[in-house]
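Residues per chain, in single letters:
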Amino acid sequence: MVNSVYRECYDDSHYRPEFEGFIGNRPLEEVDPEVVTLIRAEKQRQAGGLELIASENFTSRAVMEALGSCFTNKYSEGYPGKRYYGGTEVVDELERLVQQRALSLFGLDPQEWAVNVQPYSGSPANFAVYTALLKPHDRIMGLGLPSGGHLTHGFYTAKGKRISATSIYFESLPYQVHPQTGYVDYDRLEELALLYRPRLIICGASAYARDWDYARMREIADKAGAMLMCDMAHYSGLVAAGELTSPFPFCDVVTTTTHKSLRGPRQGMIFCRRQYEADINEAVFPGCQGGPHNATMAALGVALKEAMTPEFRAYQQQVRANAKALAGALQARGYTIVTGGTDNHLVLWDLRPEGLTGNKVQKLCDQINITLNMNAVPGDTNALSPGGVRLGTPALTSRGFREKDFEQVAEFLHQAVQLCLKIQKDSGKKLADFERALEGRPELATLRDQVRAFALRFPMPGGPR
Ligand code: PLP
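Remember, it's a predicted structure, so these values are computed and weren't measured experimentally. (Residues numbered from 1 in each chain as written. Predicted model: local features only at pLDDT ≥ 70, side-chain atom pairs only at ≥ 80, totals over all residues. Heavy atoms only, no water.)

Novice: Break down the packing of helix α14 (residues 358-367) against helix α17 (residues 431-438) for me, with residues and values.
Specialist: The axes of two packed helices give the description: the angle between them and the distance between them. The geometry of α14 relative to α17 is characterised by a closest axis approach of 11 Å and an angle of 20° between their N-to-C directions. The angle between the axes of α14 and α17 places the two elements in the roughly parallel class. Judged by the sense of rotation from one axis to the other, the crossing of α14 with α17 is right-handed. Together, N359, K360, K363, L364 and Q367 of α14 and L431, F434, E435 and L438 of α17 make up the contact between the two elements. Here the residues of the contact of α14 with α17 are counted per class, giving four nonpolar, two polar and three charged. (Axes fitted to C-alpha atoms, helices over the stretch in contact; angles between N-to-C directions. Helix = DSSP H or I, 4+ residues; strand = E, 2+ residues; numbered from the N terminus. Parallel < 35°, antiparallel > 145°, perpendicular 65-115°, else oblique. Left-handed = near helix turned anticlockwise from the far one by under 90°. Contact = heavy atoms within 4.5 Å. Nonpolar A, V, L, I, M, F, W, Y, C, P; charged D, E, K, R; others polar.)

This is the structure in structure tokens:
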């Protein structure tokens, strides 16, 4: 089989068909059937299930193709025009293109804003920002983990064990959501910020279903003399599509992952006002990272191009409509949704009124091809056994799910919770006993078959792999 891209590398006088069979040109099926089997198994798992993890998505075939390209071979430490390696003229062009697309997607003026498209993922992006803007032990205030914040915004246990590197190298002083309303408690944040005088305040979260009041965050940051960073990792796709408030007019720095609602490959980006650019670039490389992952960067370029299309805007509108439909359908069945609804792509479901914990629902759902994750809900005291689950709509919306399909998803979740209650009644509340009681239950097999049959009615993006 002639590989046309391969052939294009040679002019006619040099091309030899036998090059196609050269050792490094054998197809994956031939070289590693074991990995092929696992790829197929994972693809089938993804296609035959309901993916409700709010941070996951199904990226496109075009993104996958760029991800598997020859850019993976290239080292390019440094930045366009200033590299520590030779042979970087094409990578330079790629990185500039990706930067341009990133700024343009979010409507940013290149005179005012810069973007670094090299972070390996969201966590390294955040750490690079702290490295650039802070000194060790400077104070950071981010939304606490049990309130829906991310580990990289700082986390230590009730006994003071510093878990996240952010809390090891800096003093992290979390703010919280209001234990009754579930909304960010801006008044309390202001009080605390004026008391602690942090260098950096972070907005954005991993499990918060509402939009942010960035104007208020800016006001608080200014009063406290702090810089303001937004980590929009979860919802950057919605911001790009104009479905959520843009943090850019209010923030000094904005970070994001690229593989969640933005639907690209697994990477990170840091946007910053030009005055911080040199420090942030230095912190990414050589501060925290080595050579950028150029194939991922190429794939990010593709995802950014896709994100500029009207289809992507329609997709993000549907992501939100689906999240509202899911929340509404659960509420119609008598369940409790934190904050009473959602503005974005996720729904935080409080299971405490049912007498259930999130880990049991997660375990049972795993058995019936529904993937979701347990999550703390406001007022939770036990971090190991949180009282809720987080549900997200980006992945299934990428398979073409609409509101009526999420009605059916809610019905499956309702049946799962009712089964959980029945099994817990037999097993008692201990998780280990509950897990044992899940084994060999015919009701689970029946529900799994129904979920699978339903899921397989929808297409999967991404091509054969
Ligand atoms: N920031 C937020 C808000 C996140 O939710 C996540 C991941 O879930 C990250 C950062 C870290 O991203 P990564 O897992 O790519 O390091």
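Novice: Give a detailed account of the UniProt feature "modified residue: N6-(pyridoxal phosphate)lysine" (unreviewed entry) in the protein chain, specifying residues and quantitative values.
Specialist: The feature "modified residue: N6-(pyridoxal phosphate)lysine" (unreviewed entry), as annotated in UniProt, sits at K260 in this numbering. Locating K260 in the fold gives a position in the loop between β9 (253-257) and β10 (268-273). Here K260 is in contact with S55, N57, A233 and H234, once residues within four sequence places are set aside. (UniProt positions renumbered as here; feature names shortened; annotations may be inferred.)

Novice: Give a detailed account of α17, specifying residues and quantitative values.
Specialist: Considered for burial, the residues of α17 that qualify are F434, A437 and L438. Down the axis of α17, the sector holding all buried residues measures 105°, keeping them to one side. Looking at the buried residues of α17, the elements they touch are α14, α16 (403-427) and α18 (442-455). (Buried < 20%, exposed > 50% of the residue type's maximum accessible area, 1.4 Å probe, protein only. Arc of directions from axis to C-beta.)

Novice: Please provide a residue-by-residue account of the sheet that holds strand β8 (residues 227-231), values included.
Specialist: Taken together, the seven strands give an open sheet; going across it, the order is β4-β10-β9-β8-β7-β5-β6, and neighbouring strands pair in mixed fashion. The sheet is open, and its two edges are formed by β4 (113-116) and β6 (171-172), each paired on a single side. (Pairing = 2+ DSSP bridges.)

Novice: Can you explain the state of the cysteines? Please cite residues and give values.
Specialist: For the coordinates displayed, the defined rule picks out zero disulfides. C230 provides the cysteine sulfur closest to C203, a residue in no disulfide bond, and the two sulfurs are 4.4 Å apart. Take C251: it sits in no disulfide, and the sulfur closest to it among the cysteines is that of C203, at 4.4 Å. (Disulfide = S-S within 2.5 Å.)

Novice: Describe a nonpolar patch on the surface, listing the residues and the values that go with them.
Specialist: A contiguous nonpolar patch, built from Y75, Y84 and Y85 and spanning about 380 Å² of accessible area, is present on the exposed surface. Considering the arrangement of structural elements, one finds Y84 in the loop between β3 (82-83) and α5 (89-105). Taking the relative accessible area as the measure of exposure, Y84 reaches 64% and is therefore exposed. (Patch = residues over 30% accessible without salt bridge, like charges linked within 9 Å, V, L, I, M, F, W, Y side chains within 5 Å. Areas by Shrake-Rupley, 256 points an atom, 1.4 Å probe, with all protein chains shown as cover. Salt bridge = Lys/Arg side-chain N within 4 Å of Asp/Glu carboxyl O.)

Novice: Describe the site of the ligand, naming the residues involved and giving the relevant values.
Specialist: Taken together, 13 residues sit near the ligand, with S121, S123, S206, D231 and K260 positioned nearest. Within the backbone of G122, an N or O atom sits 3.0 Å from an oxygen atom of the ligand. Within the contact set of the ligand, an oxygen atom lies 2.7 Å away from a side-chain nitrogen or oxygen of S206. About the coverage of the ligand: the protein hides 84% of its 390 Å² of free accessible area. A per-element tally of the shell around the ligand places helix α6 (residues 122-133) first, with three residues. Here the residues of the shell around the ligand are counted per class, giving two nonpolar, nine polar and two charged. (Near = heavy atom within 4 Å. Polar contact = N/O pair within 3.5 Å; in protein donor to acceptor, adjacent residues only side chain to side chain.)

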